[in-house]
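# Understanding the architecture of this molecule
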Amino acid sequence: FAVLGAVFVAAYFLTGRSLLVEGESWQRYTLLSYSTAAVLLVLAALAAGHRAFDYSGETYLFFVLLALVPQLIGHTALNRSLGHLPVVSVAIAVLGEPVSATLLGMIFLDEVPSPLEIAGGLLILAGVYAGLRAGRRDQALSTAPVGNGD
């Protein structure tokens, strides 16, 4: 499933980049993407036999917060950045999401990561930093003026 998920995320980012570079509005793109995803998710949940209603008020609050914070703020920022940054940079930045989720879990759910999980998070952040830094360096080299120095 991880490989399949990676394939779909790559297709999503590449499609978004293509549409946004060609002049598609990021607002229209995100509205279409989020609406399609919401409908498909509800249909898949219902087809799998999951209940759609009869949750507690607190559960509905968390549903709304999940829609507002990670989706509308986080994913919209990713989608908007596809029109301005290389797809590889956006994809590398996404790797930091589990670290952010862990921090939110610590703050709101009193979750405490193990030392091994903390080490893994630091390793992920170091990899994101190294990948984004290398991408900036490569981009700077590819846009540097070429000349003989005269």
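The paragraphs below set out a description of the structure included in this document. (Residues numbered from 1 in each chain as written. Predicted model: local features only at pLDDT ≥ 70, side-chain atom pairs only at ≥ 80, totals over all residues. Heavy atoms only, no water.)

### Topic: the layout of surface pockets
Quick reminder of the rule: In this analysis the probe radius is 1.4 Å and the grid spacing 1 Å, with only protein atoms considered; a cavity is a set of points the probe fits into but cannot get out of, a pocket is an open set with protein on both sides within 12 Å along at least five of seven lines, and lining residues have an atom within 4 Å of a point. Grid points are joined across faces, edges and corners, and a volume is the space filled by probe spheres set on the points. Each helix is a run of H or I in the DSSP string that is no shorter than four residues. Each strand is a run of E no shorter than two, and both are numbered from the N terminus. The classification used treats Ala, Val, Leu, Ile, Met, Phe, Trp, Tyr, Cys and Pro as nonpolar, Asp, Glu, Lys and Arg as charged, and all other residues, Gly among them, as polar.
Approximately 1,200 Å³ is the volume found for the largest pocket. Every residue lining the largest pocket is counted, 35 residues in all, and those nearest its centre are Tyr34, Ala37, Ala38, Leu41 and Gln71. Residue assignment for the lining of the largest pocket shows that the elements contributing at least two residues are helix H1 (2-21), helix H2 (26-47), helix H3 (57-81), helix H4 (87-94) and helix H5 (97-109). The dominant element in the lining of the largest pocket, judged by the number of residues it contributes, is H2, at eleven residues. In the lining of the largest pocket, the residues fall into 26 nonpolar, six polar and three charged. Roughly 320 Å³ of volume is contained in the second largest pocket. Contributing to the lining of the second largest pocket are Phe62, Leu65, Leu66, Val69, Pro70, Ala101, Leu104, Gly105, Phe108 and Leu109. Secondary-structure elements contributing two or more residues to the lining of the second largest pocket are H3 and H5. Tallied by class, residues from the lining of the second largest pocket come to nine nonpolar, one polar and no charged.

### Description of the side chain of Thr30
For clarity, the cut-off: Note on definitions: a residue-residue contact is assigned when non-hydrogen atoms from the two residues lie within 4.5 Å.
Examined against the element boundaries, Thr30 turns out to sit in helix H2. Beyond its immediate stretch of four places on either side in the chain, Thr30 contacts Thr76 and Asn79.

### Quick word on the nonpolar core
As a reminder of what qualifies: By nonpolar core we mean a set of buried residues, namely Ala, Val, Leu, Ile, Met, Phe, Trp, Tyr and Cys, connected to one another through side-chain atoms within 4.5 Å. Note on exposure labels: buried denotes an accessible area under 20% of the residue type's maximum, exposed denotes more than 50%, and partly exposed covers the range between, all computed with a 1.4 Å probe on protein chains only.
Of all hydrophobic cores here, the largest spans eight residues; its members are Phe13, Leu20, Tyr29, Leu78, Leu82, Val87, Val90 and Val94. Those elements that place two or more of their residues in this core are H1 and H4. Top contributing element to this core by residue count: H4, with three residues. Excluding anything up to four places from it in sequence, Tyr29 contacts Tyr12, Gly16, Leu19, Leu20, Glu24 and Asn79.

### A short note on the environment of Val99
Within the secondary structure, Val99 sits in helix H5. Linking Val99 and Leu122, residues 23 residues apart in sequence, is a C-alpha distance of 8.4 Å. Not counting chain neighbours up to four residues away, the residues in contact with Val99 comprise Gly121, Ile124 and Leu125.

### Here's the deal with the packing of aromatic side chains
The following threshold applies: Any two of the Phe, Tyr and Trp rings considered here, Trp counted by its six-membered ring, make a pair once their centres fall within 6.5 Å; the pair's planes then place it as stacked at under 30 degrees, edge-to-face at over 60, or tilted in between.
Taken as a whole, this structure holds five aromatic pairs when the rule is applied. Consider the rings of Tyr55 and Phe63, whose centres lie 5.4 Å apart with planes at 85°: the pair is edge-to-face. Between Tyr60 and Phe63 the ring centres are 6.0 Å apart and the planes differ by 80°, which places this aromatic pair in the edge-to-face class. Placement of both Tyr60 and Phe63 in helix H3 is noted, with a separation of three residues, approximately one turn of the helix. Taking relative accessible area as the criterion, Tyr60 reaches 32% and is therefore assigned partly exposed. Judged by its relative accessible area of 41%, Phe63 falls in the partly exposed class. Aromatic rings pair up to connect Tyr12, Phe13 and Tyr29 into one cluster.

### Section: unusual backbone geometry
Even without glycine at this site, Asp110 takes up a positive phi of about 55°. By the element assignment, Asp110 lies in the loop between H5 and helix H6 (115-143). By relative accessible area, which is 66% here, Asp110 ends up exposed.

### Quick word on the packing of H2 against H3
Operational definition: Axis lines are fitted to C-alpha atoms, over the contacting stretch for helices. Their N-to-C directions set the angle, which ranges from 0 to 180 degrees. Small angles under 35 degrees read as roughly parallel and large ones over 145 as roughly antiparallel, with 65 to 115 read as roughly perpendicular and the rest as oblique. Helix crossings fall into two classes, left-handed where the near helix is turned counterclockwise from the far one by less than a right angle and right-handed where it is turned clockwise.
Running from N to C, H2 and H3 point in directions that differ by 125°, and their axes come no closer than 10 Å. Relative to H3, the element H2 lies oblique. Judged by the twist between their axes, the crossing of H2 over H3 is right-handed. On H3, the residues touching Trp26, Tyr29, Thr30 and Tyr34 of H2 are Gln71, Leu72, His75, Thr76, Asn79 and Arg80. Its residues assigned to classes, the contact of H2 with H3 shows four nonpolar, five polar and one charged.

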